[in-house]
Amino acid sequence: VTTAFPAGLAAGASATATVSLTANYSGSLNATCDATAIPSAQCTITPANPVSVTANTAAALTVKVNVPNSTMPQTYNVNVTVTDASGQPSHSVQLPLTVIPDFSVTSATPSQTVAAGQTSGPYQLSVAPNPTGSSFPGAVTLSCPSGLPSGAQCSFSPNTPVTPGGTAQSVVMSISTVAASAALQRPRGRHLPLYAIWFFLPG
């Protein structure tokens, strides 16, 4: 294995690893990937079969696994098998892939329209372990780093980090806006009449 899967991967993401193979002969190989240890996962290998190899020259295979959002946190083994086009010889390598605990944030409140200077109604948020049935032991801090109108602020209740554990936690968010200020317009100057001056010269 040249490059292993990342040390930790959240459910719903994808990961890649690189396998280097060197044959003592020139020919064609077929590579297969077995990720059935991860329910509903998809595993692909590039380049596509057949893979041409040159004697004593390393060839790289890229293994990509798409992990479903429902994958429970734990370490899984992905098996890559490389076989000569004739069927023999055949070699396998095992690639560990660790899915780490994750969380999700969802809102049960539809979009709202707020007049400048007013505060929105409450947004009912839920911070839950992902996938459902797993546990997220870390503390989650909510904030609004971008996307708000100029001068607007968001606030949360509770205003301290929440720890989902194995149960969804409720958080209420509200957004306060700044009243619009009257624009000062510069008075327009008077239009001064223009006079054409004719010079009559004697002929």
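The rules we used
Residues numbered from 1 in each chain as written. Predicted model: local features only at pLDDT ≥ 70, side-chain atom pairs only at ≥ 80, totals over all residues. Heavy atoms only, no water. 1 Å grid on protein atoms, 1.4 Å probe; cavity = no way out; pocket = protein on both sides within 12 Å on 5 of 7 lines; lining within 4 Å. Points joined across faces, edges and corners; volume = space filled by probe spheres on them. Helix = DSSP H or I, 4+ residues; strand = E, 2+ residues; numbered from the N terminus. Nonpolar A, V, L, I, M, F, W, Y, C, P; charged D, E, K, R; others polar. Pairing = 2+ DSSP bridges. Axes fitted to C-alpha atoms, helices over the stretch in contact; angles between N-to-C directions. Disulfide = S-S within 2.5 Å. Buried < 20%, exposed > 50% of the residue type's maximum accessible area, 1.4 Å probe, protein only. Core = buried A, V, L, I, M, F, W, Y, C linked by side-chain atoms within 4.5 Å. Contact = heavy atoms within 4.5 Å. Polar contact = N/O pair within 3.5 Å; in protein donor to acceptor, adjacent residues only side chain to side chain.

A.B. asks: Just checking my understanding: could you explain the layout of surface pockets for this structure?
C.D. replies: If a probe as big as a water molecule is rolled over the atoms, it shows which places are left empty. Counted as a void, the largest pocket has a volume near 260 Å³. Around the largest pocket sit 15 residues that line it, and L21, T22, L29, V82 and H91 are the ones nearest its centre. When residues of the lining of the largest pocket are traced back to their parent elements, those giving at least two are strand 2 (14-21), strand 7 (74-84) and strand 8 (90-100). Residue composition of the lining of the largest pocket, by class: 10 nonpolar, 4 polar and 1 charged.

A.B. asks: When you look at the sheet that holds strand 3 (residues 27-34) in this model, what are you seeing that I'm missing?
C.D. replies: Strand pairing in a sheet takes place through backbone hydrogen bonds and is either antiparallel or parallel in direction. Taken in spatial order, the 5 strands make up an open sheet running 1-8-7-3-5, and their pairing is mixed. Both outer strands of the open sheet, strand 1 (9-10) and strand 5 (51-53), are each paired with one neighbouring strand and no more. Pairing analysis gives 3 bridges linking strand 3 to strand 5, with the strands arranged antiparallel. Paired with G27 across the two strands is V53, which belongs to strand 5.

A.B. asks: Help me understand the sheet that holds strand 9 (residues 102-107) in this model?
C.D. replies: Taken in spatial order, the 4 strands line up as 9-10-12-11 in an open sheet, and their pairing is antiparallel. Each having just a single partner strand, strand 9 and strand 11 (153-157) make up the two edges of the open sheet. Neighbouring strand axes in the sheet, compared pairwise and without regard to direction, differ in orientation by 30 degrees on average.

A.B. asks: What's the story with the state of the cysteines in this structure? I'm lost.
C.D. replies: Within the structure shown, the criterion is met by 2 disulfides. Note on cysteine connectivity: C33 is disulfide-linked to C43, with sulfurs 1.7 Å apart. On the S-S bond that ties C33 to C43, the torsion sits near 80 degrees, and the link is right-handed. Of this pair, C33 sits in strand 3 while C43 sits in strand 4 (residues 42-46), and the two are 10 residues apart along the sequence. Here C33 falls in the partly exposed class, since its relative accessible area comes to 23%. Residue C144 pairs covalently with C154 via a disulfide, S to S 2.1 Å. Measuring the twist about the S-S bond at about 125 degrees, one finds the C144-C154 disulfide to be right-handed. Note that C144 is positioned in the loop between strand 10 (123-130) and strand 11 and C154 in strand 11, a separation of 10 residues in sequence.

A.B. asks: Honestly, the nonpolar core in this entry has me stumped. Any pointers?
C.D. replies: Across soluble globular proteins, nonpolar side chains have a tendency to be buried as a group. Counting 28 residues, the largest nonpolar core has F5, L61, V65, L95 and L97 as its most contacted members. Secondary-structure elements contributing two or more residues to this core are strand 2, strand 3, strand 5, strand 6 (59-66), strand 7 and strand 8. Residues in contact with L97, not counting those within four places in the same chain, are F5, L9, A15, V65, V67, Q74, T75 and Y76. Judged by nonpolar contacts, the second largest core, of 10 residues, contains Y123, V127, F156 and V162.

A.B. asks: I would appreciate a short explanation of the side chain of N130 in the present structure.
C.D. replies: Within the secondary structure, N130 sits in strand 10. A polar atom in the side chain of N130 sits 3.1 Å from the side chain of N69. Not counting the four nearest positions on each side in its chain, N130 is found in contact with A11, N69, D102, F103 and S104.

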